[in-house]
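This is what each chain is made of:
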Amino acid sequence: MIGQFDETDKKILRRLGENARVPYSTLATELGISNTMVHQRVNKLRQSGVIKNATYVFEPKVLGYTTEAMTRIQVTNAKYVNSLIASLKEIPEIVECSNITGKYALIIKIFAKDNSHLRDVLYGRIHPLTGVEGTDTTISFETAFQKNIAID
């Protein structure tokens, strides 16, 4: 997919990956192109689906969410996966959900205020969902890094 974009598009993507709030005028100056050209290129990248959205990333620990966990969810039947994903999306403490292979159908990332809060999320909101057979949770000490896919 990225092969259809030229070097200017790739430079824009790299720069926006570093800082999604960089002003288009700064990009234009750095790349030696007009502001209008930057707008057109970014719009093209959005329309192609390469850029999903620009958003702020919150720091959970600063907001009081000191427990981070990854939980794998075993599902009783594959027919429940889509409804479970929809239900999990409504739980504010769950910030990420992936459909995976193997014994567990889903893996989620949870941020909780403490271990007691994590237990309440697991046993009070996830386990009662129709289709949940069981969970396996691992507490994370920290997210060592998080990054975008490389733009070659």
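Presented here is a report on the structure given in the accompanying data block. Just so it is clear, the structure is predicted and the values come from calculations on it, not from any experiment. (Residues numbered from 1 in each chain as written. Predicted model: local features only at pLDDT ≥ 70, side-chain atom pairs only at ≥ 80, totals over all residues. Heavy atoms only, no water.)

1. Section: the overall build of the chain
(1) Moving on: Across its full length, the chain holds five helices and four strands.
(2) Moving on: Counted from the first residue to the last, the chain has its helices and strands arranged as α-α-α-β-α-β-β-α-β.
(3) Moving on: Scaling as 2.2 N^0.38, a compact globule of 152 residues should have a C-alpha radius of gyration of about 15 Å, whereas the chain reaches 20 Å, well beyond that.
(4) Moving on: By its C-alpha atoms, the chain is 55 × 35 × 25 Å across when sized along the principal axes.
(5) Moving on: Considering the chain as a whole, with its 152 residues, one finds that 30% of them fall into the buried category.
(6) Moving on: When contacts within the chain are restricted to residue pairs at least 6 apart in sequence, long-range pairs at least 24 apart make up 63% of them.
(7) Moving on: If you sum the accessible surface of the chain, you get close to 10,100 Å²; carbon and sulfur atoms cover 51% of it.
(8) Moving on: In the chain, 19 positive and 16 negative side-chain charges are present, and the distance between their average locations comes to 4 Å. (Helix = DSSP H or I, 4+ residues; strand = E, 2+ residues; numbered from the N terminus. Rg over C-alpha atoms; globule rule 2.2 N^0.38 Å. Buried < 20%, exposed > 50% of the residue type's maximum accessible area, 1.4 Å probe, protein only. Contact = heavy atoms within 4.5 Å. Areas by Shrake-Rupley, 256 points an atom, 1.4 Å probe, with all protein chains shown as cover. Lys, Arg positive; Asp, Glu negative; His and termini not counted. Charge placed at Lys NZ, Arg CZ, Asp CG, Glu CD.)

2. Focus: the nonpolar core
(1) Moving on: Counting 19 residues, the largest nonpolar core has Ile73, Leu88, Ile94, Leu106, Ile108, Ile110 and Ile126 as its most contacted members.
(2) Moving on: In this structure isoleucine 108 touches Ala69, Met70, Thr71, Ile73, Leu88, Ile94, Glu96, Cys97 and Ile126, once residues within four positions along its chain are discounted. (Core = buried A, V, L, I, M, F, W, Y, C linked by side-chain atoms within 4.5 Å.)

3. Some words on the sheet that holds strand β3 (residues 106-112)
(1) Moving on: Read from one edge of the open sheet, four strands run β2-β3-β1-β4, paired in antiparallel fashion. Of all the strands in the sheet, just β2 (94-99) and β4 (132-140) have a single pairing partner and so form its edges. Averaged over all neighbouring strand pairs, the angle between strand axes comes to 20°, with direction disregarded.
(2) Moving on: In this sheet, β4 lies alongside strand β1 (residues 67-75) in antiparallel orientation, the contact comprising eight bridges. Considered in β4, the bridge of glutamine 74 is made with glycine 134.
(3) Moving on: Contacting β1, β2, β3 and β4, helix α4 (residues 81-89) crosses the sheet at an angle of about 15° to β3.
(4) Moving on: Against the sheet, helix α5 (residues 115-126) makes contact with β1, β2, β3 and β4, and its axis sits at roughly 135° relative to β3, the strand it touches most. (Pairing = 2+ DSSP bridges. Axes fitted to C-alpha atoms, helices over the stretch in contact; angles between N-to-C directions.)

4. A closer look at the environment of arginine 125
(1) Moving on: Here arginine 125 is to be found in helix α5.
(2) Moving on: The contacts of arginine 125, once residues within four sequence positions are left out, are Ile91, Pro92, Glu93, His117 and Asp120.
(3) Moving on: Side-chain polar atoms of arginine 125 contact the side chain of glutamate 93, separated by 2.8 Å. (Polar contact = N/O pair within 3.5 Å; in protein donor to acceptor, adjacent residues only side chain to side chain.)

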